[in-house]
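Coordinates in review
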Amino acid sequence: MDDFSITDFASARTAGADALRKRIEHHLVFSFGKDRNAAQLTDWRLALSRAIRDEVVVPWFETTRRVYRQDGKRVYYLSLEFLIGRLLHDATVNLGLEDKARAAMESIGIDYDRVVLDEPDAALGNGGLGRLAACFMDSMASIGLPAYGYGIRYDHGLFRQGFDHGWQTEEAEDWLAQSHVFEFERAEAAIPVGYGGEVVPGSGDSARWNPAETVIAAAYDTPIPGWQGKWVNTLRLWAAQPTRAFELSAFNRGEHVAAATPAILARTISRVLYPDDSTPQGRELRLRQEYFFTAASLRDILRRFEKQYGDLSLLPHKVAIQLNDTHPAIAGPELIRLLVDERGLSFDAAYDIASGCLNYTNHTLMPEALERWSYDLMRHVLPRHIGLIERIDERHASDCAAKGRTISADVRAIDHGEVRMGNLAFIMARRVNGVSALHTELVKQTVFGELNDLHPDRVVNETNGVTPRRWLYSCNPPLRTLLLDTIGDRWISDLEALEAVAPYADDAAFRERFAAAKRDNKRRLSDFIARRSGVAIDPDAMFDVQIKRLHEYKRQLLNILETVALYNEMKRNPAADWTPRVKMFGGKAAPGYQMAKLIIKLINDVAAVVNTDESLDGRLRIVFPANYNVSMAERLIPAANLSEQISTAGMEASGTGNMKFALNGALTIGTLDGANVEIAERVGPENIFIFGLNTGEVAALRGHYNPGEFIENSPRLREVLGQIETGAFSPDDPGRFHQLTDNLRHQDWFMLCADFDAYFDAQRRVDAAWKDPAAWVRSAILNTARSGWFSSDRTIRGYARDIWGADPSA
Ligand code: 26Q
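Each value, and the rule that gives it
Residues numbered from 1 in each chain as written. Predicted model: local features only at pLDDT ≥ 70, side-chain atom pairs only at ≥ 80, totals over all residues. Heavy atoms only, no water. Helix = DSSP H or I, 4+ residues; strand = E, 2+ residues; numbered from the N terminus. Contact = heavy atoms within 4.5 Å. Domains from an automatic or database assignment. Buried area = accessible area lost by both parts, 1.4 Å probe. Salt bridge = Lys/Arg side-chain N within 4 Å of Asp/Glu carboxyl O. Nonpolar A, V, L, I, M, F, W, Y, C, P; charged D, E, K, R; others polar. Near = heavy atom within 4 Å. Polar contact = N/O pair within 3.5 Å; in protein donor to acceptor, adjacent residues only side chain to side chain. Areas by Shrake-Rupley, 256 points an atom, 1.4 Å probe, with all protein chains shown as cover. Core = buried A, V, L, I, M, F, W, Y, C linked by side-chain atoms within 4.5 Å. Buried < 20%, exposed > 50% of the residue type's maximum accessible area, 1.4 Å probe, protein only. 1 Å grid on protein atoms, 1.4 Å probe; cavity = no way out; pocket = protein on both sides within 12 Å on 5 of 7 lines; lining within 4 Å. Points joined across faces, edges and corners; volume = space filled by probe spheres on them. Disulfide = S-S within 2.5 Å. Expected span 1.5 Å × (residues − 1). Axes fitted to C-alpha atoms, helices over the stretch in contact; angles between N-to-C directions. Parallel < 35°, antiparallel > 145°, perpendicular 65-115°, else oblique. Left-handed = near helix turned anticlockwise from the far one by under 90°.

A few words now on the environment of Phe-448. Mapped onto the elements of the fold, Phe-448 is located in the loop between helix H16 (437-445) and helix H17 (449-454). Linking Phe-448 and Gln-645, residues 197 residues apart in sequence, is a C-alpha distance of 26 Å. Non-local contacts of Phe-448, meaning those with residues more than four positions away in its chain, are made with Tyr-360, Asn-362, Gly-422, Asn-423, Phe-426 and Val-443.

Moving on, we come to the domain arrangement of the chain. Under the domain assignment, the chain is made up of domain 1 (72-87 + 122-462) and domain 2 (534-772). Computed over C-alpha atoms, the centres of domain 1 and domain 2 are 36 Å apart. Taken together, the contacts link 32 residues of domain 1 with 36 residues of domain 2. Overall, the association of domain 1 and domain 2 removes approximately 2600 Å² of surface from exposure, summing both partners, and the carbon and sulfur fraction of that is 63%. Across the salt bridge formed by Glu-170 and Lys-597, the nearest N and O atoms sit 2.7 Å from each other. Put simply, the parts of the chain that give the side of domain 1 that touches domain 2 at least two residues each are strand S2 (82-85), helix H6 (128-142), strand S5 (160-164), strand S6 (167-171) and H16. Tallied by class, residues from the side of domain 1 that touches domain 2 come to twelve nonpolar, 13 polar and seven charged.

On to the site of the ligand, then. Looking at the ligand, there are 19 residues lining it, with Leu-129, His-363, Asn-464, Glu-652 and Gly-655 nearest. At a separation of 2.6 Å, an oxygen atom of the ligand approaches a polar side-chain atom of His-363. In this structure, Ser-654 approaches the ligand through a main-chain N or O atom, which is 3.0 Å from an oxygen atom. Contact with the protein chains covers 95% of the free accessible surface of the ligand, which is 620 Å². Sort the elements by how many residues they give to the shell around the ligand and H6 lands first, with three residues.

A few words on the nonpolar core. Ile-24, Met-140, Phe-292, Ile-321, Ile-336, Met-378 and Trp-804 are the most contacted members of the largest nonpolar core, which totals 273 residues. Looking at which element gives the most residues to this core, the answer is helix H9 (residues 283-308), with eleven residues. Structurally, this core is a two-domain feature, drawing no fewer than three residues from each of domain 1 (72-87 + 122-462) and domain 2 (534-772).

Looking now at the side chain of Thr-234. Relative to the helices and strands, Thr-234 resides in strand S11 (residues 232-242). Among the polar contacts made by the side chain of Thr-234, one reaches the side chain of Trp-60 at a distance of 2.9 Å. In this view, Thr-234 contacts Trp-60, Met-137, Ala-147, Tyr-148, Gly-149, Asp-221 and Thr-222; residues no more than four positions away in its chain are not counted.

Let us now look at unusual backbone geometry. The residue Asp-325 is not glycine, and still its phi comes out positive at about 65°. Relative to the helices and strands, Asp-325 is located in the loop between strand S12 (319-324) and helix H11 (331-342). Take Asp-325: its relative accessible area is 4%, and that puts it in the buried class. Positive phi is not limited to glycine here, since Asp-617 has a value of about 60°. Following the sequence through the fold, Asp-617 ends up in the loop between helix H22 (594-611) and strand S21 (620-623). With relative accessibility at 65%, the residue Asp-617 sits in the exposed group.

Summed over the entire model, instances satisfying the criterion amount to seven cavities of 30 Å³ or more. Each pocket or cavity is described by its volume, and for the largest cavity that value is around 210 Å³. Together, 18 residues line the largest cavity, and Leu-87, Asp-90, Pro-223, Ile-224 and Pro-225 are the ones closest to its centre. The set of elements that each furnish at least two residues to the lining of the largest cavity consists of helix H2 (41-70), helix H3 (88-94), H6 and strand S10 (213-225). Considering only residue class, the lining of the largest cavity consists of ten nonpolar, three polar and five charged. Estimates place the volume of the second largest cavity at around 130 Å³. Arg-45, Glu-119, Pro-120, Ser-179 and His-180 are, among the 13 residues lining the second largest cavity, the residues nearest its centre. Among the residues making up the lining of the second largest cavity, the classes are represented as six nonpolar, five polar and two charged.

Another point: the state of the cysteines. Counted according to the given criterion, the structure contains zero disulfides. There is no disulfide at Cys-135, and the cysteine sulfur nearest it, in Cys-475, is 11 Å away. Look at Cys-135 and you get buried, because its relative accessible area is 2%. Accessibility expressed as a relative area gives 8% for Cys-475, which makes it buried.

Further remarks concern the pattern of salt bridges. The tally for this structure, following the rule as stated, stands at 67 salt bridges. Residue Asp-71 pairs with Lys-318 through a salt bridge whose shortest N-O separation is 3.4 Å. Remark: Lys-318 occurs in helix H10 (residues 315-318) and Asp-71 occurs in the loop between H2 and strand S1 (74-78); sequence separation between them is 247 residues. Given the relative accessible area of 32%, Asp-71 is considered partly exposed. Using a relative accessible area of 15% as the deciding quantity, one classes Lys-318 as buried. For Arg-337, the salt bridge is made with Glu-342, and the minimal N-O distance between the two is 3.4 Å. Overall, Arg-337 belongs to the buried group, its relative accessible area being 7%. One continuous salt-bridge network, built from bridges that share partners, spans Asp-544, Glu-562, Arg-581, Lys-583, Glu-644, Arg-764 and Asp-767.

With 17 residues, helix H21 (residues 556-572) should cover 24 Å at 1.5 Å per step; its first-to-last C-alpha distance of 25 Å lies within 8% of that length. Counting buried residues along H21, 15 of its 17 residues qualify, which places the element largely inside the surrounding structure.

Within the secondary structure, Ile-269 sits in the loop between helix H8 (256-268) and H9. In sequence terms Ile-269 and Asp-155 are 114 residues apart; their C-alpha atoms lie 9.8 Å from each other. What Ile-269 contacts, discounting residues up to four positions off in sequence, is Tyr-195, Val-215, Ala-240, Leu-285, Arg-288, Gln-289 and Phe-292.

As a packed pair, H21 and helix H30 (residues 752-770) sit with axes 10 Å apart at the nearest point and diverge in direction by 55°. Classified by the angle their axes make, H21 and H30 are oblique. Crossing of H21 against H30: the hand is right-handed. Contacts from Leu-557, Leu-558, Asn-559, Leu-561, Glu-562, Ala-565, Leu-566 and Glu-569 of H21 reach H30 at Leu-752, Phe-756, Tyr-759, Phe-760, Gln-763 and Arg-764.

Take the packing of helix H1 (residues 17-31) against H2 next. Where H1 contacts H2, the two axes come as close as 8 Å, and the packing angle between them is 120°. In terms of orientation, H1 and H2 fall into the oblique class. Both H1 and H2 take part in a crossing whose hand is right-handed. Where H1 abuts H2, its residues Leu-20, Arg-23, Ile-24, Glu-25, His-27, Leu-28 and Ser-31 lie against Asp-43, Trp-44, Ala-47, Leu-48, Arg-50, Ala-51, Asp-54 and Glu-55. The class makeup of the residues in the contact of H1 with H2 is seven nonpolar, two polar and six charged.

So, in structure tokens, the structure goes:
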């Protein structure tokens, strides 16, 4: 069939704002059944979103046809998290429809910006790993790579955070309440996924698995248009549904609840995103989630492959699968299972094919985040897979033996009654990558040291990046305009072109415009904070921002301790010329993570004291707006002057917030950790504030670390700990924070005490630098100019070249 004239539909991209307006009104009435006069803001948003979605469909079809014709390698990105945030503005911008959408909405009498802000965030992730997946989706479409994202369509994304007297509260998030207007339900693409049951040996290597239960994975597709809308990829998210077999007999007996129970249990699988809580509760559900989306995705991938090609040995030439951390690592045994049990291949042939397709990205070296499953749980939930994992382990051992290498228990996928997903992922991967240069070295030297020795070409580095479309063009209109005026628009699709603004750092007029753009953003943020938190802040103060998941290794605690020390100095010496600062915090603690929740309470308690202390003249403010998410990051980052990246060296795999801040002209105060190292190399030591122990020093100190010595030698730290311990910030409950302070005094795994003085001194260097506004702005401009390398377009080209062997078309 030809294009049945879909292209005859008037496209708003070629027609005027009028055509778009008509399409919006059409959707309001015919898609949502609303009368113009009764329509609320949300109705208009839904109608506009549908009109924008319409514009994606034709290029989406065209992309699909091109990919089919080009006959190249397809890339599949499997991730338990996609933290995509709001979609409407992103899609509008990428399609080049922003001006028309504004005009169309204005002619209707509605403010486009209000419409955009009405959209709830799709918070289908916890943090960096999920946001990276979202940036990658944008980049893969923008450089024209045939790619599919696969994940779970959670009913409830990451919880909504509130504060009750400074304590974190959690409420279910409900992003689907008003329907997800960008998606297309694909009822025909549903896939059954089995659990439990028994395994009957078959002929050769094959077996027949008779699962005890089956759930249906229902497909929902969200088109992802790249920059300028020329290429549109698909994000396919799976929702769990019961099989059609309705419990009719139970229902007819009047047992209505019993009849409904299996359906409820089936749907549980895609009910909620698991926060990184590392508690045993719900471990089985998490394993079921991992298998659910991995199994559905692999079947889908094979189906698409077999529609076009017959010969399964071609699979590694046509399919590259990226495992975003170990969460989909069951893909190894599952792909082998499909090839052996359902396609009749031998185990060895299947192993070779599967390990030619799979790749694994490691995002953390923290022992508690490395996934392990008990052997018994795995056997209970996935009885066929446990046997295959044993065979994978044996095959790997015998391959090593054949090369004259003996292996230790450390590299086994199964050991001590546990399945180690990191080793399984590594063994089955063609390539394994770290997410920054430093982290990649640590991957090779520490957790995967022996595996790296056995397979020295397997580990590669692909330093993370961020999409410039969302993290500069969309979130920072004043700076966008200045850049367009000054150096044109190449940077939007080739971020390293920002280098061309570096010479303007010495141009006083440009510096003034750069500073004005920052001030604009700060003023807008100040209004938002006043509305949200009721705290008045001075837009001319330094905005010092730490936004990220609450975690001990990220050391928000170090930041608040330093804030107290600064407060003490200001009180002791009120007449001094203190740099006015607003300390901003944002982030959620996993619901089961008591220490992290206590740190939130401490920050809020300190804020209550500092913000009401009149003697400071408002020169120090602490704000912690609740419910930090992608949309809040889009407000905070463009307004930041100082970016806090202060993890214990060796613990932050990369960081990506650090890149967003630098790109938007904030200076970093940070340790030599993760991608901070590479940021420092690029922006230059004079444009960044580095402090504290480095990775080698942390490792050397670890064996004989005694935080008491550091406390003893730091009068400031001693004073701060004493205040917290005697209830200076919690007079109603002086012992409230003893867990935090006891830990610092006697254990301090994250070495806050060791880094405290260096951090305090670095902050004073920051204060001093702020006193020379021209020099500060110069540094800020150079941060922007030299951050172009941190585009996720560059990262994705690296993956395509070094890992996937796939060709971008642009
Ligand atoms: C593991 C086991 C059981 C339950 C949950 C988990 C789990 C869930 C989420 C473990 C880790 C995560 C998320 C990790 C994450 O976001 N890592 C971040 O990834 C970014 C992208 O590479 C890096 O920039 C950050 O440094 C890293 O912390």
